[in-house]
Amino acid sequence: MKYILLFGGTGEGRELAAWLLEQSIPALVCVATGYGETLLPPGVEAHVGRMDRREMEALMASRPFTHVVDATHPYAVEVTANIKGAAEKTGLPLLRLVRQSDGEDLCHKAGDMATAAAMLERLPGNVLLTTGSKELDAFARPGLVERCCPRVLPVPDSLSRCLELGFLPKHIICMQGPFSKELNVALLRQYHIKTLVTKDTGGYGGFRAKAEAAREAGCALLVVERPREEQGYTLEEIQAILKEERA
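In this text the structure is predicted, and so the values were computed from the model without any measurement.

1. Re the overall build of the protein
Regarding its fold elements, the protein presents 9 helices and 11 strands. On the principal axes, the C-alpha backbone points of the protein span a range of 65 × 30 × 30 Å. A buried classification covers 45% of the 247 residues belonging to the protein. Taking the intrachain contacts of the protein between residues at least 6 apart in sequence as the baseline, contacts between residues at least 24 apart amount to 63%. Separation of charge centres in the protein, based on 29 positive and 32 negative side chains, amounts to 3 Å.

2. Overview of the pattern of salt bridges
One pass over the structure, following the stated rule, counts 7 salt bridges. Salt-bridge contacts for Arg 141 lead to Glu 121; the nearest nitrogen and oxygen are separated by 3.1 Å. Here the residue Arg 141 occupies a position in the loop between β7 (126–129) and β8 (148–152), and Glu 121 occupies one in the loop between α5 (113–120) and β7, the gap between them amounting to 20 residues. Classification of Glu 121 as partly exposed rests on a relative accessible area of 43%.

3. With respect to the sheet that holds strand β4 (residues 67–70)
Read across the sheet, 5 strands follow the order β3-β2-β1-β4-β5 without closing on themselves; strand pairing throughout is parallel. Only two strands of the sheet have a single partner each, and these edge strands are β3 (45–48) and β5 (94–96). The average undirected angle you get between the axes of adjacent strands in this sheet is 20°. Summarising the sheet, strand β2 (residues 27–31) and β3 pair through 4 bridges and their orientation is parallel. Paired with Cys 30 across the two strands is His 47, which belongs to β3. Strands β1 (4–7), β4 and β5 of the sheet are contacted by helix α4 (residues 77–90), whose axis makes an angle of about 160° with β5. Contacts from helix α9 (residues 235–243) reach β1, β4 and β5 within the one sheet, and its direction differs from that of β5 by about 155°.

4. With respect to helix α1 (residues 11–22)
Under the 1.5 Å per step criterion, the end-to-end length of α1 is 17 Å for 12 residues, consistent within 8% with the ideal 16 Å. Among the residues of α1, Glu 12, Gly 13, Arg 14, Leu 16, Ala 17, Trp 19 and Leu 20 are the ones counted as buried. Where α1 is buried, its residues meet β1, β2, β4 and α9. A positive backbone phi angle near 60° is found at Ser 24, which sits one or two residues after α1.

About the thresholds
- Residues numbered from 1 in each chain as written.
- Predicted model: local features only at pLDDT ≥ 70, side-chain atom pairs only at ≥ 80, totals over all residues.
- Heavy atoms only, no water.
- Helix = DSSP H or I, 4+ residues; strand = E, 2+ residues; numbered from the N terminus.
- Buried < 20%, exposed > 50% of the residue type's maximum accessible area, 1.4 Å probe, protein only.
- Contact = heavy atoms within 4.5 Å.
- Lys, Arg positive; Asp, Glu negative; His and termini not counted.
- Charge placed at Lys NZ, Arg CZ, Asp CG, Glu CD.
- Salt bridge = Lys/Arg side-chain N within 4 Å of Asp/Glu carboxyl O.
- Pairing = 2+ DSSP bridges.
- Axes fitted to C-alpha atoms, helices over the stretch in contact; angles between N-to-C directions.
- Expected span 1.5 Å × (residues − 1).

That is the geometry; function is a separate question.
Here it is, written out as structure tokens:
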């Protein structure tokens, strides 16, 4: 009989937890907070609390688990790395659930800066660029550059680059981070931003503050994804794998 250790406070994780319960496949579901536990389907056994890699290893070795499923947030890079390392250490098969759509982030996604710029040409209103001064060339297009507000470091080279590319002086924001959600919200409203553009920096590197600010300010979020594509399985593929060979 399979015994699943599921890491997942996401919508997909909760859906998988409900499916495992329906299929009578024993599972322990790990969530970071008590609030996350309240969102789990009734009857699901939960482990509540954040864990480092050693704690994950100890948990994996504490019961006769047959599979580990990582259904954590796609931007929780460190957590995913710890789960992978712990599974390798304990010799347990790991299934990474990869999100296939925007899901609960409600964001647009682009594979590179050029694609992001092309998408912006079809989206209305002002744009806040938080991709760094080295990534501005793709957005310096007639009809688009006038709508963009680049946020760059307060150094002469960054300002000069913005001006050379044709960004309007009144739209150039030279500031040093880190930026809180509250400050991001203030900037979005001050410059009447309709779309915030950011790199895929994960739950760290300021991404969450930007995403939450965009949500609060009512503007779209456009994420330029990382060059590498994460390997894993869809929810349906994981369900099929876990349904095989019950005994």
